[in-house]
Structure formats: C-alpha cells, structure tokens
Amino acid sequence: MNNDVLTFDDLPKVVAELRDEVIGMKVLMLDLQKQQTHQMMKRVRRTMNVEEAAEYLRMPLNTLYMKLQRGEVPGTKPGKRWVLFNDELDKWLEVNRKNAVPMTVEEENLAILASHRRKPNKAEWMKQQDSQTPKTEEV
C-alpha cells in the first residue's frame, strides 16, 4: 500500500493487508473488553460481615465495632448483625485520608507558579504612585 496508484493485480495484496489489520484490531478490542469486564467484576458491590470488613480494613475487630457504634464507619444493622459494603468502606477510607493524595508533576508546577509572587519593579512602582497623586495648581 505504499503506492498511490493501485492496479487490479495489487488488489489481493491490499485486501490481505486490510484483513490482517482488521484481525489485529479485533484482537485488541477483545483484550480491552476482557480488561473492562475484569475491572467491573472487581468493583461489584459486595456485602461484608464485621469480621470480613475488619480483615479488609486491616483493623482490629473491637476497634471496628467501636467505630460502627459511634457511626464513624458506614454500616447498617438491619437486625442483630452489622452489614457493611466494600464500596462504602473504600469511600470512607478515601475521605478520612490524613495525608493528601500525591500531586502530579503538572499540578506541582501550577501550585509553585501560583504561589510565586514577584516584587514590583521600583521604577514602575514610583510611576504608579506619581500618576495616582493629584497635582496641585500653582497660583
């Protein structure tokens, strides 16, 4: 397909190249779909009991019970037992983060530029002061 002009003899070669490209794109699309379904399966909302949640949060069981009774950890108690959802626990962990999420290089540069203030040039500063003061007329 390097030539701009295609002849009838080039047609089988061009069709074969197109077929190979389409097959390659199909393989890529199937891989992408598999990755997306795998990620969706990870994000499925799943209920947990207190023991599973304590293991998930890597928190002592007594501490989790205490935080549940205080209302610090999201959970429901429809009967005698607590029910927790993994996605709510993830959000709770994110909100209660003590240290900030690391910034990207671009965000750091923007923060530095926003915090950096230049001193005004003295000559320009004097001009601004002179132009702002009212002039008096001499009689």
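Reading guide: rules and limits
Residues numbered from 1 in each chain as written. Predicted model: local features only at pLDDT ≥ 70, side-chain atom pairs only at ≥ 80, totals over all residues. Heavy atoms only, no water. Helix = DSSP H or I, 4+ residues; strand = E, 2+ residues; numbered from the N terminus. Axes fitted to C-alpha atoms, helices over the stretch in contact; angles between N-to-C directions. Parallel < 35°, antiparallel > 145°, perpendicular 65-115°, else oblique. Left-handed = near helix turned anticlockwise from the far one by under 90°. Contact = heavy atoms within 4.5 Å. Nonpolar A, V, L, I, M, F, W, Y, C, P; charged D, E, K, R; others polar.

Colleague: What is the right way to look at the environment of Asp-90 in this model?
Modeller: Along the polypeptide, Asp-90 turns up in helix H4 (residues 86-95). Between the alpha carbons of Asp-90 and Tyr-56 there is a distance of 9.8 Å; along the sequence they are 34 residues apart.

Colleague: Any chance you could explain the packing of helix H2 (residues 50-57) against H4 here in plain terms?
Modeller: When two helices pack together, you describe them by how their axes are tilted relative to each other and by the distance separating the axes. Where H2 meets H4, the closest approach of the two axes is 11 Å, and the angle between their N-to-C directions is 40 degrees. The angle between H2 and H4 falls in the class oblique. Note on packing geometry: the crossing formed by H2 with H4 is right-handed. Of H4, the residues touching H2 (which contributes Ala-53, Tyr-56 and Leu-57) are Asn-86, Leu-89, Asp-90, Trp-92 and Leu-93. When its residues are assigned to classes, the contact of H2 with H4 shows six nonpolar, one polar and one charged.

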